[in-house]
Amino acid sequence: MKYKFLLVLTSIMFFLNSCSKEDNIIADTLTTPIANASTDINNTGFKAKWGFVSNAQSYLLDVSTSADFTTFIPNYNSKSVTDLNEMVVGLNTGTQYFYRVRAKRDSQISSYSNVISVVTTGTSNVPEDPTFLKVKVNKLANPFFVGMAVKANQLENGSKYDAILKNEFSSISAEYEMKMNPISTASGVYNWAAADKIVAYGNSNGINVHGHVLVWHGAVPSWLTNFSGTDAEFAAEVKKYITDVVTHYAGKVKSWDVVNEAVDDNSGNLRNTIFLQRMGPNYIKDCFKWVRDAANAAGDTNLLLFYNDYATSTNISKQNKMFSIVDDLKTSNLIDGIGFQMHNTYLSPTKTQIETDINRAVAKGLKIHVSELDIQVNPANDITSFTNERRLAQKEKYKEMVKIYNALPAANKYALTVWGFKDNESWIPYSTDLNHTGNDWPLLYDSNFALKSAHTGFLEGLE
C-alpha cells in the first residue's frame, strides 16, 4: 500500500513539475505588442504609444518617414524604451512619419507590431519639385508618354491649360469628346468639331494623341439606342461608325481604346450592354477586327489597339475575364495593349495587387497604358478638408504607381495618363456612384493650378 502511495505521489509531482515547465515556457514567450494611435502631436514631435506585453522588460521603437522602414529617424532605430510610450522629438513640420515596436526580454525579441502613421502639425517647409514631368521622363533610359485627359475648350493658346500641357505632357486623351455619343449624331452623320480640335492640337504641338474610346456602353447615341433595325443591321451601323472614325483620324491618332469596360463588376462575365444584347458575345472581337481592317485599308498599319477597363487589380474574377478576352484577341493578332484605368485610392490597391495585374499583361508581350490615373483621398467621405496626412499619403501612392510603371520592360511601356488637370474639375468629387459630395482632391494640381505633393510624388517615382 505504501509503495502504491509513493508511486501516485511521484506521478503527481512529475505532472505538476511538467505543468510548471510548460507554464514557464508559455510565460517566457513574448507576444507581439499592439501600437496605439499617437497623441500630443505638435510641429516637431508626437507621443508614440503601445500596449503592455506580459514579461517584457523593454520595448524597441522604430520611427521612419517610409511605411516600409527602409530608413530610420536618427536615434529611433530599435530605440530601447522601458515605458509604454515615448515622446518622439526633433522632427520636421507637416511631415508624415511611421512607427512600430517590438517587445524584448533578455535575448528574446517579439515580432513587429502594427504600423502607426502620424503627421506632424504645421505646413511642410519643403517646396514641391517644379520639374516638368515629361522633361524628367525623357531623361530616362526607357522613356514613355506622360498623358493628360483634356477637353476641347481647354486647348486655347496662352491659357494655363495650354502652358501646362506643352511643358509637362507628351500625350493627350479626350476625356469625353471622342466617344460615340458626341461624334455620331445619326447614321453616317458626324460632328467632328471638338474631336478635330483635340487631335489638331496634339498634332501641331508634337503631342501624341490616344483615341478614347470607340465602343463604350456609357456613350451610345440615342439614335443607336433606339435603333429599330435587325441585329445584323445594328452591327453594320457599329462597323460603319468604327470604320469612318478610324479612317477620319488615320495617321493622326496613334492608338485607340477600342472597347471600354466590357466586363461586369460582380459576375466576372461580359457586362450586359446593348452591344452584347444585339451583337452577341463575339462583339468585342468583331470591333477590334473592324478597327484593324479600317486602319490597314487607310495605310495606318502602325495603329495600336487597346482594351481598357478599371478595378482589375482588386477584382480577380473581373481580371480573369479581361485576360481571357485579351488572350482571344491576341491569338488573332488584334490587340497591342491593355489600358489599366487605375482610379485608385490612397489605401488601395496594394503594390502587390497592381504588380500582379500588370505583370500578367507583360508576360503576354502587351503594351501597358495606365490610362486614367487619379488617386482619391476621401473614399469613405470622412474628411471635409484636404489634410496633411492625406496629402502625404496621396503623394506616396502616386510615387508607388509611377515607380511600378517605370520598372516595366521598355517594350511594354506606352503611356501613363493622369485623368484630369485640377481637383475641382475631376469627375470623382461629383460622381453619384462615389457619393463624395464635392470633397476629394485626386489630381496633381489644386483648383488654382498650384502643384501638389502628388506631383512631387510622381517625379520621385521616376528616380
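Residues numbered from 1 in each chain as written. Predicted model: local features only at pLDDT ≥ 70, side-chain atom pairs only at ≥ 80, totals over all residues. Heavy atoms only, no water.

## Let's talk about helix 7 (residues 231–248)
- Its 18 residues give helix 7 an end-to-end C-alpha distance of 26 Å, which sits within 8% of 26 Å, the value for a rise of 1.5 Å per residue.
- All of the buried residues along helix 7 are F234, A235, E237, V238, Y241, I242, V245 and V246. The arc that holds the buried residues of helix 7, viewed along the axis, is 155°, so those residues lie on one side. (Helix = DSSP H or I, 4+ residues; strand = E, 2+ residues; numbered from the N terminus. Expected span 1.5 Å × (residues − 1). Buried < 20%, exposed > 50% of the residue type's maximum accessible area, 1.4 Å probe, protein only. Arc of directions from axis to C-beta.)

## Quick notes on the pairing of strand 6 (residues 96–105)
- Judged by how many residues are buried, strand 6 sits mostly within the fold: eight of 10 residues are covered.
- In the sheet, strand 3 (residues 58–64) pairs with strand 6 via seven bridges, with the strands oriented antiparallel. Bridge pairing in strand 6 places S64 opposite F98. (Pairing = 2+ DSSP bridges.)

## Some points on the confidence of the model for the protein
- Residues at a pLDDT of 70 or more form 93% of the protein, whose mean pLDDT is 92.
- Overall, residues 1–16 carries pLDDT values under 50, and its contacts beyond four positions in sequence, including any with other chains, amount to zero contacts.
- Under a pLDDT of 50 for its full length, residues 18–27 has, in the predicted model, one contact with residues more than four places off or in other chains. (pLDDT = per-residue confidence, 0-100. Contact = heavy atoms within 4.5 Å.)

## Looking at the sheet that holds strand 1 (residues 35–39)
- In spatial order, the strands read 1-2-5; together these three strands make up an open sheet with antiparallel pairing. The open sheet is flanked by strand 1 and strand 5 (85–88), the only strands paired with a single partner. Averaged over all pairs of adjacent strands, the angle between their axes in this sheet comes to 20°, without regard to strand direction.
- Sheet topology note: the strand 1/strand 2 (residues 46–50) ladder contains three bridges and is antiparallel. Within strand 2, the position partnered with T39 by the bridge is K47. (Axes fitted to C-alpha atoms, helices over the stretch in contact; angles between N-to-C directions.)

## Comments concerning the layout of surface pockets
- If you add up the space inside the largest pocket, you get close to 1200 Å³.
- What lines the largest pocket is a set of 38 residues, among which T65, Q96, F98, L392 and E396 lie closest to the centre.
- Of all the secondary-structure elements, those providing two or more residues to the lining of the largest pocket are strand 6, helix 11 (351–363), helix 12 (388–406) and helix 13 (453–460).
- Per-element accounting of the lining of the largest pocket gives the leading share, 11 residues, to helix 12.
- Taken together, the residues that form the lining of the largest pocket break down as 10 nonpolar, 16 polar and 12 charged.
- Here the second largest pocket defines a volume of roughly 740 Å³.
- Around the second largest pocket, the lining comprises 33 residues; the ones closest to its centre are E261, Y310, Q341, H343 and W427.
- Of all the secondary structure elements, the ones that give two or more residues to the lining of the second largest pocket are strand 17 (343–345) and strand 18 (367–376).
- With three residues, the top contributor of residues to the lining of the second largest pocket is strand 17. (1 Å grid on protein atoms, 1.4 Å probe; cavity = no way out; pocket = protein on both sides within 12 Å on 5 of 7 lines; lining within 4 Å. Points joined across faces, edges and corners; volume = space filled by probe spheres on them. Nonpolar A, V, L, I, M, F, W, Y, C, P; charged D, E, K, R; others polar.)

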